[in-house]
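Fold and geometry: a report
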Amino acid sequence: MLSERRLEVLRAIVHDYVGTQEPVGSKALTERHSLGVSPATVRNDMAALEEEGFIAQPHTSAGRIPTDKGYRLFVDKLAGVKPLSAPERRAIQNFLDGAVDLDDVVGRTVRLLAQLTRQVAVVQYPSLTRSTVRHVELLSLAPARLMLVLITDTGRVEQRMIDCPAPFGETSLADLRARLNSRVAGRRFTDVPQLVQDLPESFDKEDQATVATVLSTLLETLVEENEERMMIGGTANLTRFGHDFPLTIRPVLEALEEQVVLLKLLGEATDSGMTVKIGHENAHEGLSSTSVVSVGYGSGGEAVAKLGVVGPTRMDYPGTMGAVRAVARYVGQILAES
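What counts, and where the lines are drawn
- Starting afresh in each chain, residues are numbered from 1 along the sequence in its written order.
- Where local features are concerned, this predicted model is filtered to residues with pLDDT of at least 70; where side-chain atom pairs are given and counted, the filter is 80 or more; whole-chain, interface and lining totals use all residues.
- The side-chain values count all of the structure's non-hydrogen atoms but skip hydrogen atoms and water molecules.
- UniProt positions are given in the numbering used here, feature names are shortened, and annotations may be inferred rather than shown by experiment.
- Secondary structure elements are taken from DSSP: a helix is a run of H or I of four residues or more, a strand is a run of E of two residues or more, and numbering for both begins at the N terminus.
- For each residue, the accessible area found with a 1.4 Å probe, counting protein chains only, is set against the maximum for its type, and the residue is called buried under 20%, exposed over 50%, and partly exposed in between.
- Of the grid points, spaced at 1 Å and generated over the protein atoms alone, those admitting a 1.4 Å probe that cannot get out make up cavities, while open sets with protein on both sides within 12 Å along at least five of seven lines make up pockets; any residue with an atom within 4 Å of a point is treated as lining.
- Grid points are joined across faces, edges and corners, and a volume is the space filled by probe spheres set on the points.
- Each residue receives one of three labels: charged for Asp, Glu, Lys and Arg, nonpolar for Ala, Val, Leu, Ile, Met, Phe, Trp, Tyr, Cys and Pro, and polar for the others, Gly being one of them.
- Along the chain, pLDDT gives the predictor's confidence residue by residue, from 0 to 100.
- Two strands pair if DSSP finds at least two bridges between them.
- Each axis is a line fitted through C-alpha atoms, taken for helices only over the stretch in contact, and angles between the N-to-C directions span 0 to 180 degrees.
- Only residues whose relative accessible area exceeds 30% and that form no salt bridge enter a patch; like-charged residues are grouped when within 9 Å of one another, and nonpolar side chains (Val, Leu, Ile, Met, Phe, Trp, Tyr) when within 5 Å.
- Method for areas: the Shrake-Rupley scheme with a 1.4 Å probe, in which residue coverage is limited to the protein chains shown.
- The working definition used for a salt bridge is a side-chain nitrogen of Lys or Arg within 4 Å of a carboxyl oxygen of Asp or Glu.
- The contact definition used throughout considers only heavy atoms, calling two residues in contact when any of these lie within 4.5 Å.
- Stacked, edge-to-face and tilted are the three classes for Phe, Tyr and Trp ring pairs, Trp counted by its six-membered ring, which pair at centre distances within 6.5 Å; planes under 30 degrees apart are stacked, over 60 edge-to-face, the rest tilted.

Looking at an unreviewed UniProt entry, the protein chain carries the name Heat-inducible transcription repressor HrcA, with the source organism given as Streptomyces longispororuber. Taken from UniProt, the Sequence similarities (unreviewed entry) comment for the protein chain reads in full: "Belongs to the HrcA family." In its Function (unreviewed entry) section, the UniProt record describing the protein chain reads: "Negative regulator of class I heat shock genes (grpE-dnaK-dnaJ and groELS operons). Prevents heat-shock induction of these operons."

Take a look at the structure:
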């Protein structure tokens, strides 16, 4: 275990390097921070930190910079989450309150996160499998053609056209709509198949085939394979950090174009806590010089998706964690109210 003083020295090195982009020397540390010890003692502490792999000497510079291991210790032990100021919180709320639908909420969230953190923002759409049904609407378009509209608790709206095996009257349609909603409204998607399996039998024989067709369309909508949609924004922010990427930012940009990589980066949506992955902790080779800060968001205290930011390991972790957490909280409130 590192002594309190050495932890303080590491904290000061991370703080200065993130702020100045310059390797940090013992003289500068004692001048900028009240560490209460001489430069010689700080030099000894830095030598110990370097020996244990928390800091390293880049090329021939006299100063030291944090390693992935050093940032990890900083995030786990030393970095509190920096709360946003009242004006920042108001600005977030005002910006997100103007959203008109789910696509707009996700789009605004991406822009907001990218602006607040000046990193790349990634937002996953609320997953259908973790959602509940708010309402199922059935509309008659022609005697044997219907439109099914599924509305989820997260504000997601899915529409499907249904060609019925036989004409279906308005009375039967109203009856099906009422019975269907009485069974599925407010229920988890995963529970719906069980809840509706015997519904066709409760209708007249001539309507049973149409009811079965409507239900199979509904169930197909619930288990869609392409549900994991993402939105990404602020990739241009990476160009400001050219010197933070050892060779080029191309591997980072290529990795960010792959949706599977992004989903793995953010982690499981059911894990709603704050996650910080630093440098080589990111399995994808192209992202070994980046850090990812992510958190789950959702209505009613349950995460339905994740959002986060990707940037260089030389990141303002307390500020980024604070921004990501605050935005997730506001998005959750909007989904709960929508």
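Of note in the backbone geometry, Q21 takes a positive phi value of approximately 65 degrees without being a glycine. As for its placement among the helices and strands, Q21 is situated in the loop between α1 (4-20) and α2 (26-32). Classification of Q21 as partly exposed rests on a relative accessible area of 38%. A positive phi angle, near 55 degrees, is found at R118, a position not held by glycine. Mapped onto the secondary structure, R118 falls in the loop between α6 (102-117) and β3 (120-124). Taking relative accessible area as the criterion, R118 reaches 47% and is therefore assigned partly exposed.

Another point: the layout of surface pockets. Counted as a void, the second largest pocket has a volume near 440 Å³. Lining of the second largest pocket is provided by 20 residues; of these, L116, T117, Q119, D316 and T320 occupy positions nearest its centre. Secondary-structure elements contributing two or more residues to the lining of the second largest pocket are α1, α6 and α12 (317-337). Broken down by element, the residue count for the lining of the second largest pocket peaks at three residues, all from α12. Classifying every residue of the lining of the second largest pocket by side-chain character gives eight nonpolar, six polar and six charged.

Moving on, we come to the confidence of the model for the protein chain. For the protein chain, the mean per-residue pLDDT works out to 86, and 94% of the residues sit at or above 70. At the low end of the mean pLDDT range in the protein chain sits helix α11 (residues 259-266), at 78; at the high end sits helix α7 (residues 170-184), at 93.

With respect to topology, five strands assemble into an open sheet ordered β7-β3-β10-β9-β8, the strand pairing being antiparallel. Each having just a single partner strand, β7 (230-233) and β8 (275-278) make up the two edges of the open sheet. Taking the axes of each pair of neighbouring strands and ignoring which way they run, one obtains an average angle of 15 degrees across the sheet. Judged from the four bridges that link them, β8 and strand β9 (residues 290-297) form a sheet pairing that is antiparallel.

Another point: a nonpolar patch on the surface. A cluster of nonpolar side chains, contributed by L139, L141 and M161, occupies part of the molecular surface with about 260 Å² of accessible area. Taking relative accessible area as the criterion, L141 reaches 45% and is therefore assigned partly exposed.

This brings us to the sheet that holds strand β4 (residues 133-142). Across the sheet, three strands lie side by side as β4-β5-β6; this open sheet has antiparallel pairing. Each edge of the sheet is formed by a strand with only one pairing partner; in this case those strands are β4 and β6 (157-163). Ignoring which end each strand starts from, the neighbouring axes of this sheet average 20 degrees apart. Taken together, the eight bridges between β4 and strand β5 (residues 145-152) define a ladder with antiparallel strand orientation. Bridge pairing in β5 links L138 to L148. Lying over the sheet, α7 contacts β4 and β5, oriented at roughly 165 degrees with respect to β4.

On to the packing of aromatic side chains. Under the defined criterion, the tally for this structure stands at one aromatic pair. Seen in terms of ring centroids, Y71 and Y317 are 5.6 Å apart; in terms of plane orientation they differ by 50 degrees. Their pairing is tilted. Remark: Y317 occurs in helix α12 and Y71 occurs in helix α4 (residues 68-78); sequence separation between them is 246 residues. The exposure classification of Y71 matches that of Y317, with both residues buried.

To continue, consider the pattern of salt bridges. Under the definition given, this model contains 15 salt bridges. A salt bridge links R11 to E8; the nearest nitrogen and oxygen atoms lie 3.1 Å apart. Taken together, the positions of R11 and E8, both in helix α1 and three residues apart, correspond to about one turn of that helix. Here the residues in one salt-bridge network are R5, R6 and D45, joined through shared partners.

Once that is clear, we can look at the pairing of β6. Pairing between β5 and β6: seven bridges, direction antiparallel. Bridge pairing links V149 to Q159 in β6. Remark: four residues form the turn of the hairpin made by β5 and β6, two consecutive strands paired antiparallel; G155 in that turn has positive phi of roughly 90 degrees.

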